Structures are given as structure tokens and as C-alpha cells.
Amino acid sequence: MHTTREFYVGDAFNNLIRKIVDLEQQTVSIQVLSDEGTEFCEGGELSIRAVPEVYDVYEFYIENTLVQSSAANTYQTANLAAGVYNVSVIARFDTEVLTSEPVPITVNGNPVADISIVGNTTFFEGDSVIFIASQADSYLWSTGETTPTITVMESGSYSVTITTDEGCTGVSNAIEVTVQQFSAPPVVAVIEGAEKAC
């Protein structure tokens, strides 16, 4: 005699539909719910779901390490460092155990944004300083410029956002630039007709 389970699911019109499944003929698999799919940047969220939702316990594993065991068939995390991970799930009901095929997940690292400085950040009017961003695939300075190098001639705070081909970004610390004005020369007054001191 086969083990069956009855459950209800909602259709597109929010109507409940009764379903009966044969647990002895079922498998379990993983669906990736993240908007970015199976590849995203460090700090992005991994969101997965085990299907079908008919078992008693779901155990989620990342690289064979148990990260969640409960009746919930979903798992989310945003704490994965850069790397490639195999994600899998084990479903349990009564004495039966079902194991999914692993799903590879790629987490791309965020670039480190640094600014090299050629010159001094404090200088007199008419001079300049050059900022060079660390290597990346695209650049966006706080000035709106999109080149790897910019020349600065005005006071202000300057930073750069760099982006890799994978769409991962890094933001530099801000650098303050101070432009000083030359002091006006002293005014020497000459009074005509003044008597010279003896």
C-alpha cells in the first residue's frame, strides 16, 4: 500500500485545489527564487525553495554543511562569501529520506575601490591633482566622469564607484581637496607732499 498525502494549493485565481500525492513515488528538488538566479554578487541574497511542499522536514545544505532543518521548505541567506557552492536539500517523511540533486551557486566578489593620488590634495589656485582609480571594467566618479583617471582643480570631496563585468561594485573612501587662493599683495600708500623727517 502506497503512502499518500493530501494538501491544497492556490491557483491563479486564489482558489484552493485539493491534491493527493504518492510520497513513495516523489522526489525532491530545489528551485532558485533569487532575482539574480544562480550567480550574484557578494552581499546578494540566495533564496531557494524545496519542492514539492508535502514532506515533514526539509534539511538545507551548503557544501554538505547543514544550514537549516525545519518544516519550512524555503531558505534565504545573504552571508555567502565569494566562491562556488553546491546547495542541496534532504526531505524526510516518516522513515523515508529523499535527497535532491545539488545546485551550483556562484557568488562573485565585490571589487575593492582605491584611489591613487598624483600630487597634493591641498594646492594653490591654478594647480591640480590627479586621481587614478583601481582597475575595473567601468568607473563612475562623484563628478559624473567615467574615465579611470580624473584631474581635479576645485575644492571638494571626491570618490569613485567601480564595477566589474559581473555587475559587482565597490565604492572608494572620499578624498578631500582644498584649493587655496593667493593672498593679495600689500597696498603701499604714497602721500605726496609729505615732509621728510630730518
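Throughout what follows, the structure given in this document is the object of discussion. No experiment lies behind these values; they were computed from the predicted model shown.

1. Concerning the sheet that holds strand 12 (residues 115–118)
Reasoning step 1: The sheet built from three strands is open, its strands ordered 12-14-16 with antiparallel pairing. Among the strands making up the open sheet, the edge pair consists of strand 12 and strand 16 (149–152). Between one strand axis and the next, the sheet turns through 25° on average, direction left out of account.
Reasoning step 2: When strand 14 (residues 129–133) meets strand 16, the two strands line up antiparallel, connected through four bridges. Residue isoleucine 132 lies in a different strand from strand 16, and its bridge partner there is threonine 149.

2. A word on the side chain of threonine 164
Reasoning step 1: When you line up the elements, threonine 164 lands in the loop between strand 18 (160–163) and strand 19 (169–171).
Reasoning step 2: Note on threonine 164: relative accessible area 18%, which makes it buried.
Reasoning step 3: Apart from residues no more than four positions distant in its own chain, threonine 164 is found in contact with Pro111 and Asp137.

3. Re the environment of alanine 91
Reasoning step 1: With respect to the helices and strands, the residue alanine 91 is situated in strand 9 (residues 83–93).
Reasoning step 2: Taking the relative accessible area as the measure of exposure, alanine 91 reaches 0% and is therefore buried.
Reasoning step 3: Note: C-alpha distance between alanine 91 and serine 69 (22 residues apart in sequence) is 9.6 Å.
Reasoning step 4: Once residues lying within four places of it in the same chain are set aside, the contact partners of alanine 91 are Val28, Tyr55, Val57, Tyr58, Glu96, Val97 and Leu98.

4. A word on the packing of aromatic side chains
Reasoning step 1: Across all of its chains, the model carries five aromatic pairs by this definition.
Reasoning step 2: Ring centres 5.4 Å apart and planes at 20° place the aromatic pair tyrosine 55 and phenylalanine 93 in the stacked group. Here phenylalanine 93 lies in strand 9 and tyrosine 55 lies in the loop between strand 5 (46–51) and strand 6 (57–62), a separation of 38 residues in the sequence. Accessibility classification places tyrosine 55 together with phenylalanine 93 in one group, the buried group.

5. So, the pairing of strand 7 (residues 65–70)
Reasoning step 1: The sheet contact formed by strand 6 and strand 7 spans five bridges and is antiparallel. Residue phenylalanine 60 lies in a different strand from strand 7, and its bridge partner there is glutamine 68.
Reasoning step 2: Between the antiparallel neighbours strand 6 and strand 7 lie two residues, among them glutamate 63 with a positive phi of about 50°.

6. Considering unusual backbone geometry
Reasoning step 1: With an omega of 0°, the peptide bond running from valine 51 to proline 52 counts as cis.
Reasoning step 2: Mapped onto the elements of the fold, proline 52 is located in the loop between strand 5 and strand 6.
Reasoning step 3: Not every positive phi belongs to a glycine, and glutamate 63 is a case in point at roughly 50°.
Reasoning step 4: You can see glutamate 63 is positioned in the loop between strand 6 and strand 7.
Reasoning step 5: A relative accessible area of 39% places glutamate 63 in the partly exposed class.
Reasoning step 6: Within the chain, aspartate 94 stands out as a residue other than glycine whose phi angle is a positive 55°.

Thresholds applied
- Residues numbered from 1 in each chain as written.
- Predicted model: local features only at pLDDT ≥ 70, side-chain atom pairs only at ≥ 80, totals over all residues.
- Heavy atoms only, no water.
- Pairing = 2+ DSSP bridges.
- Helix = DSSP H or I, 4+ residues; strand = E, 2+ residues; numbered from the N terminus.
- Axes fitted to C-alpha atoms, helices over the stretch in contact; angles between N-to-C directions.
- Buried < 20%, exposed > 50% of the residue type's maximum accessible area, 1.4 Å probe, protein only.
- Contact = heavy atoms within 4.5 Å.
- Phe/Tyr/Trp six-rings, centres within 6.5 Å; stacked < 30°, edge-to-face > 60°.

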